[in-house]
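# Observations on the model geometry
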Amino acid sequence: MQGWIRDLNLARCLALALLFVAGPVALADTGYSDLDLGIARFALDTGDDAKALRHTREPDTEHHTIIRARALLNTGSKTEAIALLDRLINGDYYRGEAALLKSGLVNADKDNRTPLLELASRKGHGDIRQQALYKLAEIARKSDRPDRVGQILATMDSGYWAALGYMNIAADYGKRDLNPSRALIALRVAMAMAEEDPVRQRGEALKAQLLVRAGLLAYGNEDYDKAISFLEKVVLESYSTPQGLYLHGLALSAKGNQRDAMQSWHRAKKFPLAFS
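So, how was this worked out
Residues numbered from 1 in each chain as written. Predicted model: local features only at pLDDT ≥ 70, side-chain atom pairs only at ≥ 80, totals over all residues. Heavy atoms only, no water. Helix = DSSP H or I, 4+ residues; strand = E, 2+ residues; numbered from the N terminus. Buried < 20%, exposed > 50% of the residue type's maximum accessible area, 1.4 Å probe, protein only. Areas by Shrake-Rupley, 256 points an atom, 1.4 Å probe, with all protein chains shown as cover. pLDDT = per-residue confidence, 0-100. Contact = heavy atoms within 4.5 Å. Polar contact = N/O pair within 3.5 Å; in protein donor to acceptor, adjacent residues only side chain to side chain. Expected span 1.5 Å × (residues − 1). Core = buried A, V, L, I, M, F, W, Y, C linked by side-chain atoms within 4.5 Å. Phe/Tyr/Trp six-rings, centres within 6.5 Å; stacked < 30°, edge-to-face > 60°. Arc of directions from axis to C-beta. Axes fitted to C-alpha atoms, helices over the stretch in contact; angles between N-to-C directions. Parallel < 35°, antiparallel > 145°, perpendicular 65-115°, else oblique. Nonpolar A, V, L, I, M, F, W, Y, C, P; charged D, E, K, R; others polar.

### Considerations on the overall build of the chain
A count of helical and extended segments in the chain gives 16 helices and zero strands. Relative to its full complement of 276 residues, the chain shows a buried share of 39%. Taken as a whole, the chain presents about 16,600 Å² of accessible surface, with 53% of it coming from carbon and sulfur.

Here it is in C-alpha cells:
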C-alpha cells in the first residue's frame, strides 16, 4: 500500500484533486467547439438543459446560439432567450426557426405573432415551415376567415400539421352544419394527410384520433354503418383505442347487435386507465 502511494505522480495527484473539487464545472466545456456542439445537441435532445447550457456558455456560431436559446426557453429564461433569438432572426441560417420560437412567446398578441410566423414560413424548412403555416391558418380560422385558411392549407405539404389544420376545419363544420357531410370530407382529407406524415408514429396516432372523430360524427347523425366502418379502422395501440371501442359498441348496439357490442365494451375495459 505504501509503495503504491510513493509511486503516484505528483502531477496526477493534483489533476485528480482538481477534478474532484471542481466537479461539473471542470467538465463544463471541452475547449473544442465541434465537440461542445455535439454534447450540447445530445443534452438538449435528451432533456438535460443544464448540460446544454454549460456547453454553450459562449456560443461562437449560430448553431451553438439556437441550441442555447432553446435550452433557455425550456428552463424559463425568456429574456435571455429572446435576445439570442433576435440575433438569429437577423442572422443567416436559423431565421425561420428563431422566428417560430419567438412567436410562441407572444401568444396573446396576434399582431406581433403574424409577422414572425410569416417569416418562419418563408425562411424555415421542413417541420418548421409546416408548423408556421399551420399556426397562420389557425389565426385566420379563429378570425373567421375560411377562405384564407383554405389558401394556407393548400400550400402545405401532406403530413401532421396539414392534417391538424383540416381536423380543426372539420370541427368548425361539425358545430355549424346540421348535415355532417362537409365535416366528414374534411376529416377524410385530414386522414389522407396524416398517412403521409414522415414521422410514422405521430401520423398513426393522429389518424386514430381522426377516425374516432369521424365515427362519433357519423354515430351522432345515426349513420351507424358508416360509424362502424370508421371505428373498425382504429389501431389497437393508440390512446384513441378505448374511445373507438366504446363508440364501436354503441353503434353496434344501435343496430341491434348486442353481442358484438358487449365484446367491444369488454375489450375497451382491458385497457389501462392511462389509455382511457
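### Points about the confidence of the model for the chain
Per-residue confidence for the chain averages 88 on the pLDDT scale, and 87% of its residues sit at or above 70. Counting contacts from residues 1-8, a segment whose pLDDT is below 50, to residues more than four positions away or on other chains yields one contact. Predicted confidence for residues 11-27 stays below pLDDT 50, and this span has five contacts to residues more than four positions away or in other chains.

### Description of the side chain of Ser238
Mapped onto the elements, Ser238 comes out in the loop between helix 14 (224-231) and helix 15 (241-254). Here Ser240 takes part through its backbone nitrogen, which lies 3.2 Å from a polar atom of the side chain of Ser238.

### Digging into helix 15
With 14 residues, helix 15 should cover 20 Å at 1.5 Å per step; its first-to-last C-alpha distance of 20 Å lies within 8% of that length. Looking at the buried side of helix 15, the elements it contacts are helix 13 (200-220), helix 14 and helix 16 (258-269). Following helix 15 by one or two positions, Gly256 adopts a phi angle in the positive range, close to 90 degrees.

### Things to note about unusual backbone geometry
Of note in this structure, Asp144 is not a glycine but carries a positive phi near 60 degrees. By secondary structure assignment, the location of Asp144 is in the loop between helix 9 (126-142) and helix 10 (146-154). Judged by relative accessible area, Asp144 falls into the exposed class, the value being 53%. Phi angles above zero are rare outside glycine, and Glu222 is one such case at about 65 degrees. Position of Glu222 relative to the elements: it lies in the loop between helix 13 and helix 14.

### Description of the nonpolar core
If you look at the biggest cluster of nonpolar residues, it comprises 61 residues, and the most contacted ones within it are Leu153, Met156, Leu187, Met191, Leu206 and Leu210. Per-element accounting of this core gives the leading share, eight residues, to helix 11 (residues 160-176). Filtering out sequence-adjacent residues up to four positions away, Met156 remains in contact with Gln130, Leu133, Tyr134, Trp161 and Ala162. Counting six residues, the second-largest nonpolar core is a separate cluster that includes Ala227, Ile228, Ala251 and Ala261.

### Structural notes on the packing of aromatic side chains
Counted by the stated rule, this structure contains three aromatic pairs. With a centroid separation of 5.1 Å and an interplanar angle of 85 degrees, the aromatic rings of Tyr160 and Trp161 are classed as edge-to-face. Owing to a relative accessible area of 14%, Trp161 belongs among the buried residues under this scheme. Consider the rings of Tyr219 and Tyr224, whose centres lie 5.6 Å apart with planes at 55 degrees: the pair is tilted. Exposure remark for Tyr219: the relative accessible area of 24% places this residue in the partly exposed category. Cluster of aromatic residues (ring-pair linked, three or more members): Tyr134, Tyr160 and Trp161.

### Remarks on helix 6 (residues 78-89)
Between its terminal C-alpha atoms helix 6 stretches 16 Å, which fits the 16 Å expected from 12 residues at 1.5 Å a residue. All of the buried residues along helix 6 are Ala81, Leu84, Leu85, Leu88 and Ile89. Angular distribution of buried residues about the axis of helix 6 spans 140 degrees; they occupy a single face of the element.

### Side note on the environment of Ser121
Mapped onto the secondary structure, Ser121 falls in helix 8 (residues 110-123). Once the C-alpha coordinates of Ser121 and Leu100 are considered, the two residues, 21 residues apart in sequence, prove to be 8.5 Å apart. Excluding anything up to four places from it in sequence, Ser121 contacts Arg129, Ala132, Leu133 and Leu136.

### Here's the deal with the packing of helix 13 against helix 14
In contact at an axis separation of 8 Å, helix 13 and helix 14 are set at 170 degrees when each is read in the N-to-C sense. Put simply, helix 13 runs roughly antiparallel to helix 14. Contact residues: helix 13 offers Leu211, Val212, Ala214, Gly215, Ala218 and Tyr219, while helix 14 offers Tyr224, Lys226, Ala227, Phe230 and Leu231. In the contact of helix 13 with helix 14, the residues fall into nine nonpolar, one polar and one charged.

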